[in-house]
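The primary structure of each chain is shown beneath.
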Amino acid sequence: MLRRTVEPHGTSGGPLTPWLVVICAWSAIASIWLAWVAGRIATAISGHPSAGPDFGAAFVGGLLRQDWSTLWPATSPWLVLVVYLAQVAASLTLPQVVAKAKWLRPSLAATPASLIRPGEAGIALGAHTPGRMVGRSRKGKVLYASLEDVVIAVMAPRAGKTTALTAPGILDAPGAVLATSNKPDVWTTTAAAREPKGTVWVFDPQAITHAQRTWWWNPLTLTGTWEEAFRLADHFVSQIRHDTRGEDFCALAAQDLLTCFILAAANSGGTLADVQAWLADVTAREPARILAQHGFHGAARSVAGRQAGAPETRDGVYETARTAASCLSDPQIMVWVTPSKPDVPALDVTRFPESTDTLYLLSKDGAGSAAPLVAGLTDQVLRAAVRAAEMRGGRLDPPLLCVLDEAANICKISDLPQLYSHFGSRGILPITILQSYPQGARVWGEQGMAALWSAATIKVIGAGIDDAKLAEDLSRLVGEHDVPVGSRTRDGSGIASWQTSIQRRRILEPAQIRAIERGHALVFATGIPAAMMRLLPWYTGPHAAQLEHAAAVATEAITRRAQADYNPPGGTR
Ligand SMILES: Nc1ncnc2c1ncn2[C@@H]1O[C@H](COP(=O)(O)OP(=O)(O)OP(=O)(O)O)[C@@H](O)[C@H]1O
Ligand SMILES: [Mg+2]
């Protein structure tokens, strides 16, 4: 008997009917499943969670009998219908994000949908390429993140993070933008285009753009309470917390000590220079005195107790705190966070989220870098944004875009996974960009990274995923489909006949996910099937020539400033 398997991409000679049967069957199952999910959501909304039958024969029977009181006891079937329609409409295409923007942004409510610019309503992620997963790529619609999405992107180096996600998002954003980076490219490409919209602030303590310092940030303005001081201290300690998550006694004690010093400096009108000086002197009495004067008696006792403790323990804690805050010893970094020139204005973090300004936060990676300050400033802007949203009826309008590129290296906000789920409802659109999933797990721990991953309503997976487990998980998430497999058989008298059987196969095998081409990405969004898309880098967009020119001018300026910095007139550096 001859038996030849036909590849999944076609029935080559086999009948089409099985496809139609399968598509119809799965459409019906998907619709019933959506109805069941809608019922669960509606019953939860109406305060009767988990009422009614589970997904299965009893549920289908109830639907056929239209027995609403059994399916959703004490819940109106109309509510279920509304939730059902909302789910079906949930999509990433422009009409949907514009419709959403009209009720998320009161300022757009009266504007006809046709006049709303895409960038006002969402962030373009890429162009859908329907059929690409099964080898038949067609041109599809542009997919957008809406204004209540929270996004995570995992892409390897040179996969298009900056050119296709960060820069286009910044260029289109209608409101304030905060962008972190460890390279100058995002600033060179987008700063000139953002200038007409508002002030462009560049925080560049490590001379990545060699930008002239025209402002400073006082990290202590908002750290007058224990909670805020603790958060700032945490950004420093994150630098030395590697794979362990908070179990290290010295790291915990160092964080407590730093918190006390930051609190003392903030309450006495001091600066981070005072914190650095107190860290250097284990006998300094001033912080405990200031803390007691301002009513922080517990913190005062804590500092005094540490100083009077066993010298080995005390020195270990101080040394850990000094290592965590080592960037405070760098005068180049300190001039950005201390009032060295009286005429240089300070950034008002509380005003920023409601402005249309752009804030670039640049830092190198690694020990001694300005990364804790980048994390601290990002954190303060995010908290100010939440407060501003609360004072404006719950949401920021226009939204604040926060692109946290290289987040695992330069913006290690410990509780980012917990904060993430709240941003969507506040008019804050965060895009956290990582080079790999394990890179995130090293910073937030396996559980924290899993929490961040599941809180993100949109996940973008680009080229270069080299993690077998992630590829396998994603392959399972993409799902399976039924593939008609044709075979030709010959009976005893040698007469050949075609038979088609259906096999369930992964839509994308893990190996195919690991082989996603540069310039493409998979997108997973809550409530809709995974989609493959072509990225839309700025250099292929309508303003490419203008942006290319701006980037060339900015790069030339960096080169000139770098040469001047390294070869100062009249001597060596
Ligand atoms: N102006 C341009 N014209 C054409 N190609 C470009 C341009 N700028 C960048 N590229 C290419 O686009 C690709 C993606 O670059 P991009 O800077 O977006 O990568 P990335 O993921 O941000 O990398 P990294 O991790 O190094 O920051 C690279 O191959 C790069 O060479
Ligand atoms: Mg980049």
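Anything mentioned here points back to the structure above.
The structure reproduced in this document is the subject of the present report. (Residues numbered from 1 in each chain as written. Chains lettered and ligands numbered in written order. Predicted model: local features only at pLDDT ≥ 70, side-chain atom pairs only at ≥ 80, totals over all residues.)

## What about the sheet that holds strand S1 (residues 122–128)?
Part 1: Sheet architecture is open: 11 strands sit in the order S2-S1-S13-S12-S9-S3-S8-S7-S4-S6-S5, paired in mixed fashion. With one partner strand each, in any of the chains shown, strand S2 (142–146) and strand S5 (200–203) form the two edges of the open sheet. On average, each strand axis in the sheet is inclined to that of its neighbour by 20 degrees, with strand direction left out of account.
Part 2: For S1 and S2, the ladder comprises five bridges, and the chain directions are antiparallel. Note on S2: the bridge partner recorded for Gly126 is Leu143.
Part 3: Relative to S2, helix H5 (residues 94–104) is tilted by about 20 degrees, and along the sheet it contacts S1 and S2. (Pairing = 2+ DSSP bridges. Helix = DSSP H or I, 4+ residues; strand = E, 2+ residues; numbered from the N terminus. Axes fitted to C-alpha atoms, helices over the stretch in contact; angles between N-to-C directions. Contact = placed C-beta atoms within 7 Å.)

## Brief notes about the pairing of strand S9 (residues 458–461)
Part 1: Side chains Ile458 and Val460 project from S9 onto one buried face, and the interleaved Lys459 and Ile461 project onto a second face that is buried too.
Part 2: Both strand S3 (residues 151–154) and S9 contribute to a ladder of four bridges, which runs parallel. Residue pairing for S9: Ile152 is matched across the bridge by Lys459.
Part 3: With four bridges connecting them, S9 and strand S12 (residues 520–525) associate as antiparallel partners. (Buried ≥ 20, exposed ≤ 12 C-beta atoms within 10 Å, placed from the backbone.)

## Some remarks on the site of ligand 1
Part 1: Around ligand 1 sit 13 residues in total, of which Pro157, Lys161, Thr162, Thr163 and Tyr539 are the nearest.
Part 2: Sort the elements by how many residues they give to the shell around ligand 1 and helix H7 (residues 161–172) lands first, with four residues.
Part 3: Among the residues making up the shell around ligand 1, the classes are represented as five nonpolar, three polar and five charged. (Near = placed C-beta within 6 Å. Nonpolar A, V, L, I, M, F, W, Y, C, P; charged D, E, K, R; others polar.)

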